[in-house]
Amino acid sequence: MSCIVTQTSTGLIVGSLLFLVATGLTLIFGVLGVINFAHGSLYMLGAYLALSAYRITDSYLLSALISGAGVGLFSLIFERFFMRRVYQAEVLLQLLVCYALILIMDDAVKIIWGAEFQSMGMPAAFQAPPLFIFDGIVPVFYVFMICAAAVIALVMWYVLTRTRIGKVVRAAAHNPTMTSVLGLNTTWIYAGVFAFGGALAGLAGALAAPVRSMSPGMGFSILIESFIVTVIGGMGSVSGALVGALLIGLVRSFGSIGFPLFVEGTMFLAMALILILKPSGLLGKEPRP
Amino acid sequence: MNASFKKDLLIGIVALILLAALPLLSPGRVTLDFVIRLAALGVFATSLNILVGYGGMVSFGHAMFFGGGAYTFGLLMQRTEVSIPVALLGAIVFCSLLALVIGMICVKLKEIYFSFLTLAFQMLIHSVIITWTSLTGGDQGLMGGIPRRPFWGGINVADPNTLYWFCVIIGVVSLLVMRYVLQSPFGYTLRMVRDNADRARFLGIDVWRIRLYAFILAGAFASIGGSLMALFVSGAYPEFSYWTMSGEAVFMIMMGGINVFLGPIIGAGLLNVFNDIITRTTEYHGLALGVIVLIFALGFKRGITDFVGQLFNTLTKKRVQS
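Here goes a summary of the coordinates provided. Being a predicted model, the structure only gives us computed values, none of them experimental.

Reading guide: rules and limits
Residues numbered from 1 in each chain as written. Chains lettered and ligands numbered in written order. Predicted model: local features only at pLDDT ≥ 70, side-chain atom pairs only at ≥ 80, totals over all residues. Heavy atoms only, no water. Helix = DSSP H or I, 4+ residues; strand = E, 2+ residues; numbered from the N terminus. Rg over C-alpha atoms; globule rule 2.2 N^0.38 Å. Buried < 20%, exposed > 50% of the residue type's maximum accessible area, 1.4 Å probe, protein only. Contact = heavy atoms within 4.5 Å. Areas by Shrake-Rupley, 256 points an atom, 1.4 Å probe, with all protein chains shown as cover. Lys, Arg positive; Asp, Glu negative; His and termini not counted. Charge placed at Lys NZ, Arg CZ, Asp CG, Glu CD. Buried area = accessible area lost by both parts, 1.4 Å probe. Salt bridge = Lys/Arg side-chain N within 4 Å of Asp/Glu carboxyl O. Polar contact = N/O pair within 3.5 Å; in protein donor to acceptor, adjacent residues only side chain to side chain. Nonpolar A, V, L, I, M, F, W, Y, C, P; charged D, E, K, R; others polar. Patch = residues over 30% accessible without salt bridge, like charges linked within 9 Å, V, L, I, M, F, W, Y side chains within 5 Å. Phe/Tyr/Trp six-rings, centres within 6.5 Å; stacked < 30°, edge-to-face > 60°. Expected span 1.5 Å × (residues − 1). Core = buried A, V, L, I, M, F, W, Y, C linked by side-chain atoms within 4.5 Å. Disulfide = S-S within 2.5 Å. Axes fitted to C-alpha atoms, helices over the stretch in contact; angles between N-to-C directions. Parallel < 35°, antiparallel > 145°, perpendicular 65-115°, else oblique. Left-handed = near helix turned anticlockwise from the far one by under 90°.

## Structural notes on the overall build of chain A
Thought 1: When its secondary structure is counted, chain A shows eleven helices and two strands.
Thought 2: Secondary structure of chain A in N-to-C order comes out as α-α-α-α-β-β-α-α-α-α-α-α-α.
Thought 3: Taken over the C-alpha trace, chain A has a radius of gyration of 19 Å; the compact-globule value for 289 residues is 19 Å, and the two agree within 12%.
Thought 4: Taking the principal axes of its C-alpha atoms as reference, chain A extends roughly 60 × 45 × 35 Å.
Thought 5: Looking at chain A as a whole, 54% of its 289 residues are labelled buried.
Thought 6: Look at the contacts in chain A between residues 6 or more apart in sequence, and 78% of them connect residues 24 or more apart.
Thought 7: In the structure as shown, chain A presents an accessible area of about 12,400 Å², 70% of it carried by carbon and sulfur atoms.
Thought 8: Computed over 14 positive and 10 negative side-chain charges, the inter-centroid distance for chain A is 15 Å.

## A look at the interface of chain A and chain B
Thought 1: Each partner contributes to the interface: chain A provides 37 residues, whereas chain B provides 41 residues.
Thought 2: Buried area between chain A and chain B, summed over both chains or domains, comes out near 3,900 Å², and the portion from carbon and sulfur atoms is 85%.
Thought 3: Our count for the contact surface shared by chain A and chain B stands at zero salt bridges.
Thought 4: Taken together, the links from chain A to chain B amount to four residue pairs in polar contact (both at pLDDT 80 or more).
Thought 5: Looking at the side of chain A that touches chain B, the elements with two or more residues in it are α4 (91-113), α9 (219-233) and α11 (260-277) of chain A.
Thought 6: Broken down by element, the residue count for the side of chain A that touches chain B peaks at 14 residues, all from α4(A).
Thought 7: Looking at the side of chain A that touches chain B, its residues break down into 31 nonpolar, one polar and five charged.

## A look at a nonpolar patch on the surface
Thought 1: The grouping of L89(B), V93(B), L97(B), L100(B), V101(B), M104(B) and W208(B) at the surface amounts to a nonpolar patch, some 630 Å² of accessible area in total.
Thought 2: Here the element with the most residues in the nonpolar patch is helix α4 (residues 84-106) of chain B; it accounts for six residues.

## Things to note about the pattern of salt bridges
Residue and element names in this part refer to chain A.
Thought 1: This structure, assessed with the given rule, holds eight salt bridges over all chains.
Thought 2: Residue R80 is joined to E79 by a salt bridge in which the shortest nitrogen-to-oxygen separation is 3.0 Å. As far as burial versus exposure is concerned, R80 and E79 are alike and both buried.
Thought 3: Put simply, K110 and D107 hold a salt bridge, and the shortest N to O gap is 3.5 Å. On the criterion of helical spacing, the pair formed by K110 and D107 is a turn pair, its members being three residues apart in helix α4.
Thought 4: Judged by its relative accessible area of 35%, K110 falls in the partly exposed class.

## Remarks on the packing of aromatic side chains
Two measures describe an aromatic ring pair: the distance that separates the ring centres and the angle between the ring planes.
Thought 1: One pass over the structure, following the stated rule, counts 31 aromatic pairs over all chains.
Thought 2: Between F251(B) and F296(B) the ring centres are 5.8 Å apart and the planes differ by 80°, which places this aromatic pair in the edge-to-face class. Of this pair, F251(B) sits in helix α11 (residues 243-256) while F296(B) sits in helix α13 (residues 285-300), placing them 45 residues apart in sequence. The two residues F251(B) and F296(B) agree in class, both being buried.
Thought 3: Their ring planes at 90° and their centres at 6.2 Å tell us that F300(B) and F307(B) sit as a pair that is edge-to-face.
Thought 4: Through a chain of ring-to-ring contacts, the aromatic side chains of F37(A), Y99(A), F220(A), F227(A), F60(B), F116(B), Y242(B) and W243(B) assemble into a single cluster.

## So, the environment of V5(A)
Residues and elements named next belong to chain A.
Thought 1: As for its position among the elements, V5 is in helix α1 (residues 2-32).
Thought 2: Sequence separation between V5 and F134 is 129 residues, and the spatial gap between their C-alpha atoms is 7.3 Å.
Thought 3: Discounting chain neighbours no more than four positions away, the residues touching V5 are I133, F134, G136 and V138.

## Observations regarding helix α5 (residues 111-131) of chain B
Thought 1: An ideal rise of 1.5 Å per residue puts 30 Å on 21 residues; α5(B) measures up with 30 Å between its terminal C-alpha atoms.
Thought 2: Of all 21 residues in α5(B), 17 are buried, a share of seventy percent or more.

## Here's the deal with helix α8 (residues 186-208) of chain A
Every α-helix winds through 3.6 residues per turn, so residues three or four apart in the chain are directed the same way.
Thought 1: Here α8(A) spans 33 Å end to end across 23 residues, near enough to the 33 Å set by a 1.5 Å rise per residue.
Thought 2: Summarising burial for α8(A): 18 of the 23 residues are buried, a large majority.

## Digging into the nonpolar core
Thought 1: Counting residues in hydrophobic clusters, the biggest one holds 209 residues, and the most contacted among them are M271(A), F73(B), F121(B) and F251(B).
Thought 2: If you tally residues by element for this core, the top one is α4(A), at 16 residues.
Thought 3: Here F251(B) is in contact with L96(A), Y99(A), L271(B), L289(B), I292(B), V293(B) and F296(B), once residues within four sequence places are set aside.

## Here's the deal with the state of the cysteines
Think of a disulfide as a covalent bridge from one cysteine sulfur atom to another cysteine sulfur atom.
Residue and element names in this part refer to chain B.
Thought 1: One pass over the full model with this rule turns up zero disulfides over all chains.
Thought 2: Cysteine C106 remains unbridged, with the sulfur of C95 as its closest cysteine sulfur at 15 Å.
Thought 3: Judged by relative accessible area, C106 falls into the buried class, the value being 0%.
Thought 4: Free of any disulfide, C167 has its nearest neighbouring cysteine sulfur in C95, separated by 17 Å.
Thought 5: Here C167 falls in the buried class, since its relative accessible area comes to 0%.

## Re the packing of helix α2 (residues 39-57) of chain A against α8(A)
Residue and element names in this part refer to chain A.
Thought 1: Running from amino to carboxyl end, α2 crosses α8 at an angle of 50°, the nearest separation of the two axes being 7 Å. Our classification of the angle between α2 and α8 gives oblique. Here the hand of the crossing between α2 and α8 comes out right-handed. Note on element contacts: α8 touches α2 through G197, G198, A201, G202, A204, G205, A206 and A208, opposite H39, L42, Y43, G46, A47 and A50.
Thought 2: Residues belonging to the contact of α2 with α8 are distributed by class as follows: eight nonpolar, six polar and no charged.

Right, dumping it as structure tokens:
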């Protein structure tokens, strides 16, 4: 029983991180129609920013907010100056711009923070004795991470389905030409969605900082996993990203007890099966015309 | 064999003669090594262009076949007593089968999905190589050197000049075969599928099958590039199948131009030169390469051969007018 609780909590925090990264990826794809291959780099930037902010401010919550906002701002700049130019271009050019950004970011991190592994350590505020749930040990920070991801998911659900902003974003995803004819500035909707997706990835990085070690290039594996999550859940669907992320998180944490390679194989097998049986994903809508 | 292929064959022979004269003009290892690298990377980039330029499928995971070929070739040479041509054939067969399995899942997807899915599969192959230490040597790569056994009586690639010859001939022959296939009815069907898949479907063409064949073909030729590289560096490393290798391949064909058959070769040569300069001048390889990529992708937006073609067009038009 204790083993199940421990593995479930690990699975849930992996799922939370994956959800935050994958949901940005899926939102950007749903609204802008491009896949941001550099999304993992934003996650990496978030983790490193949180590290520096924590060393300066000594407050974890503040540093997480700073890192989310900082990565959001960075994404906005990236979108305005680079990504925007290739929306209409061939996939080849979109790919190359993201490839260039990943290369530059990895080296920039090396220059600023160094090439060796770094870790933040558990923030003082969370250095409390772990909780015991059915004899299973659950660190306090895990609970915080899961709650943070759940709150973000709820807020996103509310904003996207119940507010005017959500309506505008969904309209832009559905029919950008009509939306701009109606007097809404799609350019800024695009920029806003991109920045918001980036900020989520940054927050995910900040949440991962205390529990994972950081190194340049750390964003790439989470990029691949989030992609698998979005394929399983359905590209463009936020609820699909949630389901997919929890699924992959749990599979990973329970499978990694004995067979790490087997786990990776299972993830890909699940993705291949979904692509063959239901290419639009578990909760995905039919692809846009 | 039609007239246009005879012309290509002639160009191939001329290229071989020029490459044969090269060691006389410029003695020393540097030039020869450059050409061997160019042969390996050029075949690799051209094979990717079968997908991107001719098939309209932008694969971001093509290095899985480069790495797969390099490892299969290296392992066959190290663990068995087969000769180099047999090991090369083994690499081709293995990568064709790999491409068959992965292609069956990938090729029916829309373009950006296809890019990401090939990338994901490549990372799976990469992590298999990293994890399966007993077979592949893990992140150290295939150590111990790849034996350069003489074959067919007296061909001894342990001699640098023979190695040069071997790589050059394999490279030129591979390019000729690819050219032949792309100029065949299959090649034109592939172009039609790229331009208008619906129309091809109305004409009774099995689009999925054509794309799958192209994917397998590209995988097979990428494995030849990988094998040549493994033979040259006498080893195989996980980086061969890492995503940066795919990124470099995509950049090579973009830089050279995807609309001309020899564009990728020019791109491969340029990237080779860039990489040499970058490695010599700075330790921040990614930063420098990233900036160059951005200049090409956002500044020029086209490959070098496209510029040359455009220039040629305007010049001939002017001549017609005057």
